[in-house]
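# Structural overview
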Amino acid sequence: MSSLAALREGYERFDPRAYLQNNYLPPRADFSSEEFVVPWKLRCLAETFASGEIHGQTLIDVGSGPTIYQLLSACDHFEEIVATDYLAVNREELGRWARGEPGTFDWSPFIRHVCKIEGRGEPWQEKERRLRGRLRRILPIDVHQPEPLGAPLRPPADALLSAFCLEAVSPDRQAFARALAHVGSLLRPGGHALLLGALGESFYLAGAARLPVVPLAEDDVRAALAGAGFALRDFRSYAMPAALRTGVDDVDGVFFAHAQKPMEA
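Structure report, in brief. (Residues numbered from 1 in each chain as written. Predicted model: local features only at pLDDT ≥ 70, side-chain atom pairs only at ≥ 80, totals over all residues. Heavy atoms only, no water.)

## Some thoughts on the pairing of strand β9 (residues 253-260)
The buried fraction of β9 amounts to 7 of the 8 residues, a majority that puts the element mostly inside the structure. Bridging between strand β5 (residues 187-199) and β9 involves 8 bridges; their strand directions are antiparallel. Bridge pairing links Ala-193 to Ala-259 in β9. Bridge analysis of strand β8 (residues 231-239) against β9 gives 8 bridges, and the strand direction is antiparallel. Within β9, the residue paired with Leu-232 across the bridge is Ala-259. (Buried < 20%, exposed > 50% of the residue type's maximum accessible area, 1.4 Å probe, protein only. Helix = DSSP H or I, 4+ residues; strand = E, 2+ residues; numbered from the N terminus. Pairing = 2+ DSSP bridges.)

And the structure:
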């Protein structure tokens, strides 16, 4: 069995609710201080979108998982958001949230925090409604295929976002770099790519699943972006403090990258 096939088999045991509990409840989702990892991620995204430079018709979120926090600042700048995931259980979880069904994960603390740091005085319920209204498609994706959606995205996306996906589904650095190039094909020339991901992580837990991760260094991410033809605009990193090393993974830190696809000659 190839390592990629083993990864696919491992993800059949992925438990979205366990993943959310491990990563998006306290202590990691503690909004009492900007020093915690979730507020850091939300601020990276909020500050980048606040520039006003990244906007358009369509944003595609690659490997959304069962989460929506990564889309909270983006939803103000695009008419349509396309969420994607390889796993049907994650697409179903996103669909339930988008439809406002009872019993889904409570993202309201995240939405409140984003409204606070954006500083526009917007009621958090308005942002929630806007995101639900603009999250119009939730599609299957396989980042290891040259056509990750099975067919080209028409028209190509104006921006691409991916959080904690590519390194978690790639058996090695070369596969990570190829996957980045594949998803880059979904983006129009001149479009922007925003990546959040793990540094120095070799595994994470999601219920019964113990899933391998390719351990990345900052230079690996920079090299993969350059190899995929992107120009790096911003790069930030966060060192995971001891208090947040809870045993659900062995992550050393988190990176945020903003890159841009060149215009065609």
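## Remarks on the side chain of Glu-93
By the element assignment, Glu-93 lies in helix α4 (residues 88-98). Reaching out from Glu-93, the side chain makes a polar contact with the side chain of Arg-17 at a distance of 3.2 Å. The residues touching Glu-93, leaving out its near neighbours within four places in the chain, are Arg-17, Leu-20, Pro-66, Thr-104 and Phe-105. (Polar contact = N/O pair within 3.5 Å; in protein donor to acceptor, adjacent residues only side chain to side chain. Contact = heavy atoms within 4.5 Å.)

## Considering the pattern of salt bridges
Pairing is possible between side chains of opposite charge, provided their charged atoms come close. On inspection of all chains with the given rule, the structure shows 23 salt bridges. A salt bridge links Lys-127 to Glu-118; its shortest N-O distance comes to 3.0 Å. Take Glu-118: its relative accessible area is 19%, and that puts it in the buried class. Measuring nitrogen to oxygen at the nearest pair gives 3.4 Å for the salt bridge that ties Glu-128 to Arg-132. With Glu-128 and Arg-132 both in helix α6 (residues 124-134) and 4 residues apart, the pair spans about one turn of that helix. On the basis of relative accessible area, Glu-128 is assigned to the buried category, the value being 15%. Several salt bridges converge on common partners, so that one network encompasses Asp-76, Glu-118, Arg-120, Glu-122, Lys-127 and Arg-130. (Salt bridge = Lys/Arg side-chain N within 4 Å of Asp/Glu carboxyl O.)

## What about the sheet that holds strand β4 (residues 157-163)?
Pairing in this open sheet of 7 strands is mixed, and the strands run β3-β2-β1-β4-β5-β9-β8 from one edge to the other. Since the sheet does not close on itself, it has two edges, and those belong to β3 (135-140) and β8, each with one partner. Strand-to-strand twist of the sheet, defined as the mean angle between neighbouring strand axes without regard to direction, takes the value 15 degrees. By the bridge criterion, 4 bridges tie strand β1 (residues 56-62) to β4 in an arrangement that is parallel. Within the sheet, the bridge partner assigned to Leu-59 lies in β4 and is Ala-159. Of the strands in this sheet, β1, β4 and β5 touch helix α7 (residues 173-184), which is tilted by about 145 degrees from β5. With respect to the sheet, helix α8 (residues 218-227) is in contact with β5, β8 and β9, its orientation differing from that of β8 by roughly 160 degrees. (Axes fitted to C-alpha atoms, helices over the stretch in contact; angles between N-to-C directions.)

## A closer look at α8
Within the sequence span of α8, burial applies to Val-221, Ala-224 and Leu-225. The arc that holds every buried residue of α8, seen down its axis, measures 100 degrees, which confines them to one face. In α8, those exposed residues whose orientation departs by more than 90 degrees from the buried face are Asp-219, Ala-226 and Gly-227. Gly-229 lies just past α8 and shows a positive phi near 90 degrees. (Arc of directions from axis to C-beta.)

## Describing the side chain of Glu-201
In this fold, Glu-201 is placed in the loop between β5 and β6 (203-206). Buried within the structure, Glu-201 lacks any salt-bridge partner; Arg-28 is the closest side chain of opposite charge, at an N-O distance of 6.2 Å. Setting aside residues no more than four positions away along its own chain, Glu-201 makes contact with Val-213, Val-214, Pro-215, Asp-249, Asp-250 and Val-251. (Lys, Arg positive; Asp, Glu negative; His and termini not counted.)

## Quick look at α4
Counting along an α-helix, one turn takes 3.6 residues, and residues three or four places apart therefore face a common direction. Within the sequence span of α4, burial applies to Asn-90, Glu-93, Leu-94, Gly-95, Trp-97 and Ala-98. Residue Gly-100 follows α4 closely and has a positive phi angle near 75 degrees.

## Description of the packing of aromatic side chains
All chains considered together, the criterion is met by 15 aromatic pairs. Between the aromatic rings of Tyr-24 and Trp-107, the centroid separation amounts to 5.7 Å while the plane-to-plane angle is 55 degrees, which identifies the pairing as tilted. Of this pair, Tyr-24 sits in the loop between α2 (16-23) and α3 (37-50) while Trp-107 sits in the loop between α4 and α5 (108-118), placing them 83 residues apart in sequence. Judged by its relative accessible area of 3%, Tyr-24 is buried. Considering the side-chain rings of Trp-40 and Tyr-238, the 5.5 Å spacing of their centres and the 40 degrees angle between planes classify their relative orientation as tilted. Here the residue Trp-40 occupies a position in helix α3, and Tyr-238 occupies one in strand β8, the gap between them amounting to 198 residues. With respect to burial, Trp-40 and Tyr-238 carry one shared label: buried. An aromatic cluster of at least three residues, connected via ring pairs, comprises Tyr-11, Phe-14, Tyr-19, Tyr-24, Phe-31, Tyr-69, Phe-105, Trp-107, Phe-110 and Tyr-204. Here Arg-132 stacks its cationic end above the ring of Trp-97, 4.4 Å away from the centre of that ring. (Phe/Tyr/Trp six-rings, centres within 6.5 Å; stacked < 30°, edge-to-face > 60°. Lys NZ or Arg CZ within 6 Å of the ring centre and 35° of its normal.)

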